[in-house]
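Here's the letter readout for the chains.
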Amino acid sequence: MSTPTSTPKHAKVLILGSGPAGYTAAVYAARANLNPVLVTGLAQGGQLMTTTDVDNWPADADGVQGPDLMQRFQKHAERFNTEMLFDHIASVDLSKRPFTLNGDGGKVYTCDALIIATGASAKYLGLPSEESFMGRGVSGCATCDGFFYRNQDVVVVGGGNTAVEEALYLSNICRKVTLIHRRDKFRAEPILVDKLMSKVENGNMELKVFHTLEEVLGDDSGVTGVRVRHVDTGATEDLKVTGAFIAIGHQPNTSIFQGQLEMKDGYIVTKSGLSGMATMTSVPGVFAAGDVQDHVYRQAITSAGTGCMAALDAQRWLESEGQ
């Protein structure tokens, strides 16, 4: 945590967040001689710090541990002399330039260009057993971890688009997928529900409606089952599975930008398209990268890609502003 000071720390480019998007933005900004300052946030390394095996990171043919990958990201950014500050930003003022950011410890930062890469956090149920088996059978991302459950039995919890999409994805990998939902009506789009029902009819997917996840069961080897409870009768039942995917949505880490940037469902809106400055937000000079502006793909590689784009956009914008 930075120590309080009355003298603001000024940066040409300041990056918020230390996941794949933030670190990649730092590498590209540093190589452009923009002398970036990166504020890590409380969860340094982002969601990959709670992921064990990462088997889909390009060129890591044998896979890599999530924390090891993030350590490599950090070393790469540091190699180009990115200044790392271990602080958490509590409030920002984007109404005028230079932009002003206030850290938890009283440190004040200013910058000419800002790259927001604060990510999004998967929502979980809050069960102690869920937390105990995080990364050992409990996951919030089927496309990240589904491969490890090939030909095994798993459950998915939820009833919206995220849950149905994850269940459909896993049905092509796993032996059996059980979807647990507290109601019998799904919030997912009708076309997704139609695909879900088709899978149920084919036999490798089962619906456990009017049920909630009561407890994750397991041992030193990881998850061995789950206990579900009927919402009306209270009756419990144990299901033998090796994986539990919690798919009740994600929460973008954007609360401090509310009212200052254009958002949709909490995600920061960027320009996108083919006209350049694809990562620019509604405030010129403020850019967004990674899961904070992406609720669709949510992969380490796509986050890293937009981090690169944000740094290049910031460089071009600063040049156009004569800075």
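Each value, and the rule that gives it
- Residues numbered from 1 in each chain as written.
- Predicted model: local features only at pLDDT ≥ 70, side-chain atom pairs only at ≥ 80, totals over all residues.
- Heavy atoms only, no water.
- Pairing = 2+ DSSP bridges.
- Helix = DSSP H or I, 4+ residues; strand = E, 2+ residues; numbered from the N terminus.
- Contact = heavy atoms within 4.5 Å.
- Axes fitted to C-alpha atoms, helices over the stretch in contact; angles between N-to-C directions.
- Disulfide = S-S within 2.5 Å.
- Buried < 20%, exposed > 50% of the residue type's maximum accessible area, 1.4 Å probe, protein only.
- Core = buried A, V, L, I, M, F, W, Y, C linked by side-chain atoms within 4.5 Å.

A separate point is the sheet that holds strand E10 (residues 138–139). Pairing is parallel in the open sheet, where five strands are placed in the order E10-E17-E11-E12-E13. The open sheet is flanked by E10 and strand E13 (205–209), the only strands paired with a single partner. Pairing of strand E12 (residues 176–181) with E13, which is carried by five bridges, proceeds in the parallel orientation. What sits directly across from Ile180, in E13, is Lys208. Running over the sheet, helix H6 (residues 190–202) touches E12 and E13 and is turned about 115 degrees from E13.

Among covalent bonds in proteins, the disulfide is the one between the sulfur atoms of two cysteines. As enumerated under the stated definition, the model contains one disulfide in all. Shown here is the disulfide that connects Cys141 with Cys144, its sulfur atoms set 2.2 Å apart. In this structure, the disulfide formed by Cys141 and Cys144 twists by about 70 degrees around the S-S bond and is classed as right-handed. Overall, Cys141 belongs to the buried group, its relative accessible area being 13%. Of all cysteine sulfurs, the one in Cys308 lies closest to Cys111, which takes part in no disulfide; the gap is 20 Å. Take Cys111: its relative accessible area is 0%, and that puts it in the buried class.

Further remarks concern the sheet that holds strand E16 (residues 236–240). Sheets are built from strands that pair by backbone hydrogen bonding, the pairs being arranged parallel or antiparallel. Taken together, the three strands give an open sheet; going across it, the order is E14-E15-E16, and neighbouring strands pair in antiparallel fashion. Every interior strand has two partners, whereas the edge strands, strand E14 (211–219) and E16, have only one. Between one strand and the next, the sheet's axes are offset by a mean angle of 25 degrees, whatever the strand orientation. Relative to strand E15 (residues 222–230), E14 runs antiparallel, the two sharing eight bridges. Within E15, the position partnered with Asp219 by the bridge is Gly222.

The next subject is unusual backbone geometry. In the segment running from Arg97 into Pro98, the intervening peptide bond is cis, with an omega of 0 degrees. Among the structural elements, Pro98 can be located in the loop between strand E6 (89–93) and strand E7 (99–103). One non-glycine residue, Ala59, lies in the positive phi region at around 80 degrees.

Moving on to the nonpolar core. One finds Trp57, Ile115 and Phe287 to be the most contacted residues of the largest nonpolar core, which totals 33 residues. Looking at this core, the elements that each hand over two or more residues are strand E1 (9–16), helix H1 (20–31), helix H2 (66–79), strand E8 (108–116) and helix H7 (300–320). No other element matches H7, which puts seven residues into this core. In this structure Phe287 touches Ala113, Leu114, Ile115, Ile116, Met277, Thr279, Met280, Thr281, Ala310, Asp313, Ala314 and Trp317, once residues within four positions along its chain are discounted. Core analysis: the next-biggest nonpolar cluster, separate from the first, contains 23 residues, Leu14, Val39, Phe99 and Leu114 among them.

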